[in-house]
Amino acid sequence: MLRSSHTALDFRCYRPSFPSTKHTSFTIFMDRSSTNSFKQTLSTTSSSSSSLLKQPPQNRNPVLACRALPDTSPREDDSAVHGSSETIVGVLGGGQLGRMLCQAASQMAIKVVVLDPQQNCPASALSYQHMIGSFDDSAAVEEFAKRCGVLTFEIEHVNVATLEKLELQGVDCQPKASTIRIIQDKYLQKVHFSQHDIPLPEFMQIDELEGAKKAGQLFGYPLMIKSKRLAYDGRGNAVAKSEEELSAAIAALGGFGHGLYVEKWAPFVKELAVIVARGRDNSILCYPVVETIHKENICHIVKSPANVSWKIQKLATEVAYKAVSSLEGAGVFAVELFLTEDGQILLNEVAPRPHNSGHHTIESCYTSQYEQHLRAVVGLPLGNPSMKTPAAIMYNILGEDEGDRGFSLAHQLIGRALGITGATVHWYDKPEMRKQRKMGHITIVGPSKADVEKRLDSLLNRESFDSQSAVTPHVGIIMGSDSDLPVMKDAAKILAMFDVPYEVRIVSAHRTPENMFSYASAARDRGIQVIIAGAGGMVASLTPLPVIGVPVRASTLDGIDSLLSIVQMPRGVPVATVAINNATNAGLLAVRMLGVGDADLVSRMSQYQDDMRNEVLVKTEKLEKVGWESYLNP
């Protein structure tokens, strides 16, 4: 008990060799007479101790240097947790996913501790604490769980029996151990989802060569052969193109003793993915559907949103939602899907954790998949998963060579990326470079799919990126003949005044209908957001974009025919219009449409209106001052 005659002195011992553990706090209680003596002693030794700690480590007194050794006991200050959640999140695995979880946690004032066998794993430098140990080691996982409020995963290949034991003891695992058991065995995963009526490629277990041959006769060739466990990034998959190749494919996977099954080849045209977040209250939110492109079975490029119809997006989201609903526990899940030639969506597999297909969400979505996973497992409200940018593309930095040469090539790519507008580099800080190893990723965001793909092409092809010439037009001005140009040029002048990028094209519905069709069909994917057209009815029937028709005065009927062609468009084909020959108003209307998502344009439009008002007031004042005769005859 501290008496009034005693003084408390607080100290912190800094651990220079282990920055992630920061320091150890302790308190000494002593009476006041001893306190003064102790302070005097500290005063006389502080300068020598300070200079000693500035020496190289090999010259320091090991006691004064206070080198901390890794231990498994909780720190004394773990009981005082301050942040958006008082729950300490324990992550099994400290790879790049764990690293990005730690980055998101630091922004939310959430403490994340990791268990990983590598002392310098990617997450070690950013975690609140790193315990060195295997996430497949029962003793290590049990000891690790003691310092966590909730246990989650960045890799599903963990000891499930230990998790089930810990859950019986009251340890909070999210997602649940039952989910991890289902997911880590791909055959069991297929059985589970088939029992919940989720569309899958046909599959069957094989235990010997004759069974594999029967599967080939049933499903046909090529035949996909897969390992049940420890299969990811292309590992654990082999393709037999004929019965003669079965033995070699099975041997490549380690033989039947490793546990194999086969899948009927899915004739997919695209690989899609959906990141799904599930809260502790079982609320579920889905991120936009993305397209994934693989290189040697490793995810190489992710395009968001996927370039598929709304119907396909809806179907993919429904399959992903249903799959995650059948599992237990909170967190982020990645659902990988096949889009087949006949428009079917088939589930490929599910990962119960953040995933490569969701890296882009850090820059492109209101809530990244990493922030979302933390929100979910600790019980915070789920965040908005929608995109805050029209388009994004993610490029995995895979090792192109071994060792130093591989690092040099990766760093050259990073250097080029830093000159690309909208590009963000993520480096995982892995100590060893190997071919095809994931070393980092680059995300590029921009106003359209075409724009971000163009920027990625310039990055990969080592082309200089001219941000001015690469600006994507936001407005397309089209006309059936150059005779309309003297009128339509006024729309271009307005757009130039407001610094809105635009393009001017001659697209005749009568003389070049194929050009009109291709222009209208591709405009949205190219980044066009509004079309200003002479008349414009036919264009409006071919594009989901807003179309502003400008009735142009011809040699006969004074433009009335053009106006009537616009206002008499049938239901379902809307075309906005302005007065005859008034392309100026068409330009202003386009600016106002774009201003819905652009605060700067709204502000400039308000200034434009103020300037027009002031111009009228100046004219009014002059008229009153000089009279109408002098006003007309200055």
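Remember, predicted model here, so these are calculated numbers, not experimental data.

A. Main features of unusual backbone geometry. In this structure, the amide linkage connecting Q174 to the following residue, P175, adopts the cis form with an omega of -5°. By the secondary structure assignment, P175 is in the loop between α5 (160-168) and α6 (177-184). Following S304, the chain continues into P305 via a peptide bond in cis, with omega recorded as -5°. Tracing the sequence through the fold places P305 in the loop between β14 (298-304) and α10 (310-325). Residues other than glycine seldom take positive phi values, yet Q436 does so here, at roughly 65°. Structurally, the position occupied by Q436 is in the loop between β18 (423-427) and β19 (438-446). Notably, N581 is not glycine yet its phi reads approximately 65°, a positive angle. In this fold, N581 is placed in the loop between β24 (576-577) and α19 (583-595).

B. Quick look at a nonpolar patch on the surface. The grouping of L557, I560, L564 and V567 at the surface amounts to a nonpolar patch, some 370 Å² of accessible area in total. Tracing the chain through its elements places I560 in helix α18 (residues 560-567). Here I560 falls in the partly exposed class, since its relative accessible area comes to 41%.

C. Layout of the packing of α5 against α6. Running from N to C, α5 and α6 cross one another at 165°; their axes reach a closest spacing of 9 Å. Our classification of the angle between α5 and α6 gives roughly antiparallel. Two packed elements cross with a definite hand, and for α5 against α6 that hand is left-handed. Packed against α5, whose contacting residues are V160, A161, L163, E164 and E167, the element α6 presents A177, I180, R181 and Q184 at the interface.

D. Region of interest: the pattern of salt bridges. Per the stated rule, a full pass over the model turns up 24 salt bridges. Residues K190 and E263 are paired through a salt bridge, measuring 2.9 Å at the closest nitrogen-oxygen approach. Of this pair, K190 sits in helix α7 (residues 186-195) while E263 sits in strand β10 (residues 260-264), and the two are 73 residues apart along the sequence. Each member of the pair, K190 as well as E263, carries the same accessibility label: buried. Among the ionic pairs, E291 bridges to K270, the shortest N-O distance being 3.8 Å. Of this pair, E291 sits in strand β13 (residues 290-295) while K270 sits in strand β11 (residues 268-278), and the two are 21 residues apart along the sequence. Each member of the salt-bridge network shares a partner with another, and the members are D172, K176 and R280.

E. Seen up close, α10. End to end, α10 covers 22 Å across 16 residues, agreeing with the expected 22 Å (1.5 Å per residue, within 8%). Within α10 the residues assigned to the buried category are I312, A316, V319, A320, A323 and V324. End-on view of α10: buried residues confined to an arc of 125°, all on one side of the axis. Among the exposed residues of α10, those pointing more than 90 degrees away from its buried face are W310 and K311. Those residues of α10 that are buried are in contact with α7, β11, β15 (331-340) and β16 (345-351).

F. Examining the sheet that holds strand β6 (residues 150-153) more closely. The parallel open sheet is built from four strands, whose spatial order is β5-β4-β3-β6. Two strands bound the open sheet, and with one partner strand each, they are β5 (129-132) and β6. The average undirected angle you get between the axes of adjacent strands in this sheet is 25°. In this sheet, strand β4 (residues 112-116) lies alongside strand β3 (residues 89-92) in parallel orientation, the contact comprising four bridges. For V91, the partnering residue across the bridge sits in β4 and is V114.

About the criteria used
Residues numbered from 1 in each chain as written. Predicted model: local features only at pLDDT ≥ 70, side-chain atom pairs only at ≥ 80, totals over all residues. Heavy atoms only, no water. Helix = DSSP H or I, 4+ residues; strand = E, 2+ residues; numbered from the N terminus. Patch = residues over 30% accessible without salt bridge, like charges linked within 9 Å, V, L, I, M, F, W, Y side chains within 5 Å. Areas by Shrake-Rupley, 256 points an atom, 1.4 Å probe, with all protein chains shown as cover. Salt bridge = Lys/Arg side-chain N within 4 Å of Asp/Glu carboxyl O. Buried < 20%, exposed > 50% of the residue type's maximum accessible area, 1.4 Å probe, protein only. Axes fitted to C-alpha atoms, helices over the stretch in contact; angles between N-to-C directions. Parallel < 35°, antiparallel > 145°, perpendicular 65-115°, else oblique. Left-handed = near helix turned anticlockwise from the far one by under 90°. Contact = heavy atoms within 4.5 Å. Expected span 1.5 Å × (residues − 1). Arc of directions from axis to C-beta. Pairing = 2+ DSSP bridges.

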